[in-house]
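Here is what each chain is made of, one letter per residue.
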Amino acid sequence: MRGGWSKTVAVMGAVGLLAVSACGNSSDSGSGNSASKDVTVFTWWADGGEKAGLDGLVSVFGTKCKDYKFVNSAVAGGAGANAKQVLANDLAAKKPPSTFQAHAGAELGDYIKNGQVDDVTDLYKQFGLDKAFPQSLLDNLTVDGKIYSVPANVHRANVVWANPTVLKKANIDAATAPATVDAWIADMDKLKAAGVKYPLAVSKGFAEEMVMEAVLLAELGADKFVGLWNGKTDMAGPDVTAALEKFKKVLSFGNVDREAIDWPDALGYLNKGQAGYQLMGDWVAAQELSLKVPETSYTYWPAPGTAGNFQFLADSFTLPTGGQDPEGAKCWLDVVGSADGQKAFNTKKGSIPARSDAAPADYPKYQQSAMADWKKDKIVPSCAHGAACTLGQNDSILSAMGQFSSGLDVATLQKALVAAAKPN
Ligand code: GAL
């Protein structure tokens, strides 16, 4: 992981908000080759299922890129809560890593606009990626005729994870998803009445934003939801107010310590039977796998009211402008886009491959169902994970979330969202 303890402390001082667990130094870095051959890979996949996914890529890198040494530059914190600030500082100081993780879509657009990533269109031809990825994805990745990153996967954001044993206490059938947000609220009322203090396991920041996104998607429908982030839907409208009122209600079923915990801790509440539900992306499937939680102990379905919509995000890797050892970074990108790399990564990460040639039978049960939905569902971008929204928009939304979580004031939240939605 990134840095040693002293570096971590320095980073904490600089950023002022970090809870990084990056205090180990050596074991992840491999050994042997000269420093000039180091390939520093910047992610926020520091633990659990996320780290297992990264390890999958690293093992293929070890075989395919023997001239280079993988150096793990991960900064812990869900959805890059800490990593993105560290990366911004490094890029501003012109000290980019060899490659860094960025969400395909609007978030990547920030790095392109700032001149921080190189055009990798030629590598697509060289690695055969122009044939391996579906045309729709290639179109999405193309900005003014150029492509700037290699996607490793596709994750789904609008998923609710449920604990059947807890739901049974209120005679709720975990196998059947509530059809609407209202029906879900009614079930959470039943859970409360049955003695479950906090029916919904929630964590800080992006997790709250994901609950809000899912409720907005359910209440407004896909087209109006997408319009929220490109100016076509009025964020100040009464239908948004009504949806935010429902979001407030949903959040009121959440644990009170949510501002102090990250998503794996909230999943812990679900696994320990202290909560009935968690709304979270499908990296949960990876986490459960890494925790060896049996598949029979949990169920999952699209967030209530969003069935038929696949709210997606894609992790991709870049070639930073002025990065160290670009040849080694290119070898990493080759691995990321390759059939072997995508299989080693996605079977462990809960996501599905971005390539179109993967065999579902090679994947765990959850990913098989996600692959089937990806083919037939309407594809909707996630704001919280950078597909629809820029880094700046998400910064504004996240500070509004923190405020909302304690005050639960819908009018203030909506005002902040109106400001955040304006293109920046
Ligand atoms: C997302 C990222 C996922 C997963 C998640 C939780 O932003 O795309 O791969 O890491 O954060 O940390």
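The name given to the protein chain in an unreviewed UniProt entry is Extracellular solute-binding protein, with Kribbella alba as the source organism.

Student: Provide a residue-level description of the overall build of the protein chain, including the pertinent values.
Tutor: The secondary structure content of the protein chain amounts to 19 helices and 13 strands. Dimensions of the protein chain, computed from C-alpha atoms along their principal axes, come out at roughly 65 × 45 × 45 Å. Across the 424 residues in the protein chain, those meeting the buried criterion constitute 56%. The contacts in the protein chain between residues at least 6 apart in sequence include a share of 78% that link residues at least 24 apart. Per element, the accessible surface of the protein chain, about 16800 Å² overall, is 53% carbon and sulfur. The averaged location of the 45 negative side-chain charges in the protein chain is 2 Å from the averaged location of its 40 positive side-chain charges.

Student: Go over the sheet that holds strand 9 (residues 277-279) with me, naming the residues and quoting the values.
Tutor: Backbone hydrogen bonds are what pair the strands of a sheet, in a parallel or an antiparallel way. Spatial strand order, 9-8-10: three strands in an open sheet with antiparallel pairing. Looking at the sheet topology across the chains shown, the edges are occupied by strand 9 and strand 10 (299-302). Taken pair by pair, the neighbouring strands of this sheet meet at an average axis angle of 20 degrees, ignoring direction. Where strand 8 (residues 159-162) meets strand 9, three bridges bridge the pair, whose relative direction is antiparallel.

Student: Describe the packing of aromatic side chains, and please don't skip the residues or the numbers.
Tutor: Aromatic ring pairs: the centre-centre distance and the angle between the two ring planes describe each pair. Under the defined criterion, the tally for this structure stands at 18 aromatic pairs. On the basis of an interplanar angle of 55 degrees and a centroid distance of 6.0 Å, the ring pair of Tyr 124 and Phe 133 is categorised as tilted. Residue Tyr 124 shares its accessibility class with Phe 133, and that shared class is buried. Measuring from centroid to centroid gives 5.0 Å for Phe 310 and Trp 374, while their planes differ by 65 degrees, and the two rings are edge-to-face. Of this pair, Phe 310 sits in strand 11 (residues 309-313) while Trp 374 sits in helix 17 (residues 365-376); the two residues are 64 residues apart in sequence, bridging distant segments of the chain. Within the aromatic cluster, the residues linked to one another by ring pairs are Trp 45, Phe 61, Phe 70, Phe 317, Trp 332 and Phe 345.

Student: Quick rundown of the state of the cysteines? Include the residues and the values.
Tutor: Under the definition given, this model contains two disulfides. With a sulfur-sulfur separation of 2.2 Å, Cys 65 is cross-linked through a disulfide to Cys 331. Between Cys 65 and Cys 331 the disulfide shows an S-S torsion of about -95 degrees. By sign, it is left-handed. One end of the pair, Cys 65, is in the loop between helix 2 (48-64) and strand 2 (69-72); the other, Cys 331, is in helix 15 (residues 326-337), with 266 residues separating them in the sequence.

Student: Residue-level account of the site of the ligand, with values.
Tutor: Lining the immediate environment of the ligand, one finds 13 residues, of which Glu 50, His 103, Asp 315, Lys 349 and His 385 sit closest. Here an oxygen atom of the ligand and a backbone polar atom of Ala 79 are 2.8 Å apart. Contact distances for the ligand include 2.5 Å between an oxygen atom and a side-chain N or O atom of Asp 315. Contact with the protein chains removes 100% of the 310 Å² of surface that the ligand exposes when unbound. When grouped by side-chain class, the residues that make up the shell around the ligand number six nonpolar, four polar and three charged.

Student: Any chance you could break down the pairing of strand 2 for me, citing the residues and the numbers?
Tutor: Residue alternation in strand 2 divides its side chains into two sets, Lys 69 and Val 71 and Phe 70 and Asn 72, and both sets are buried. Where strand 1 (residues 38-42) meets strand 2, four bridges bridge the pair, whose relative direction is parallel. Looking at the pairing, Val 41 lines up with Asn 72 of strand 2. After leaving strand 1, the chain enters helix 2 and then returns to the sheet as strand 2, a path that is right-handed.

Student: Break down the sheet that holds strand 11 for me, citing the residues and quoting the values.
Tutor: Strand order in this open sheet of three strands is 7-11-13, and the pairing throughout is mixed. Each end of this open sheet is capped by a strand with a single partner; those strands are strand 7 (155-156) and strand 13 (378-381). In the sheet, strand 7 pairs with strand 11 via two bridges, with the strands oriented antiparallel. Bridging from a neighbouring strand, Arg 156 pairs with Phe 312 of strand 11. Packed onto the sheet, helix 11 (residues 222-230) meets strand 11 and strand 13 and runs at close to 25 degrees relative to strand 13.

Student: Can you explain the environment of Ala 132? Please cite residues and give values.
Tutor: Here Ala 132 shows up in helix 6 (residues 129-132). Those residues in contact with Ala 132 that sit more than four places away from it in its chain are Arg 355 and Ser 356.

Reading the values: the criteria
- Residues numbered from 1 in each chain as written.
- Predicted model: local features only at pLDDT ≥ 70, side-chain atom pairs only at ≥ 80, totals over all residues.
- Heavy atoms only, no water.
- Helix = DSSP H or I, 4+ residues; strand = E, 2+ residues; numbered from the N terminus.
- Buried < 20%, exposed > 50% of the residue type's maximum accessible area, 1.4 Å probe, protein only.
- Contact = heavy atoms within 4.5 Å.
- Areas by Shrake-Rupley, 256 points an atom, 1.4 Å probe, with all protein chains shown as cover.
- Lys, Arg positive; Asp, Glu negative; His and termini not counted.
- Charge placed at Lys NZ, Arg CZ, Asp CG, Glu CD.
- Pairing = 2+ DSSP bridges.
- Axes fitted to C-alpha atoms, helices over the stretch in contact; angles between N-to-C directions.
- Phe/Tyr/Trp six-rings, centres within 6.5 Å; stacked < 30°, edge-to-face > 60°.
- Disulfide = S-S within 2.5 Å.
- Near = heavy atom within 4 Å.
- Polar contact = N/O pair within 3.5 Å; in protein donor to acceptor, adjacent residues only side chain to side chain.
- Nonpolar A, V, L, I, M, F, W, Y, C, P; charged D, E, K, R; others polar.
- Right-handed = clockwise from strand over helix to strand, strands pointing away.

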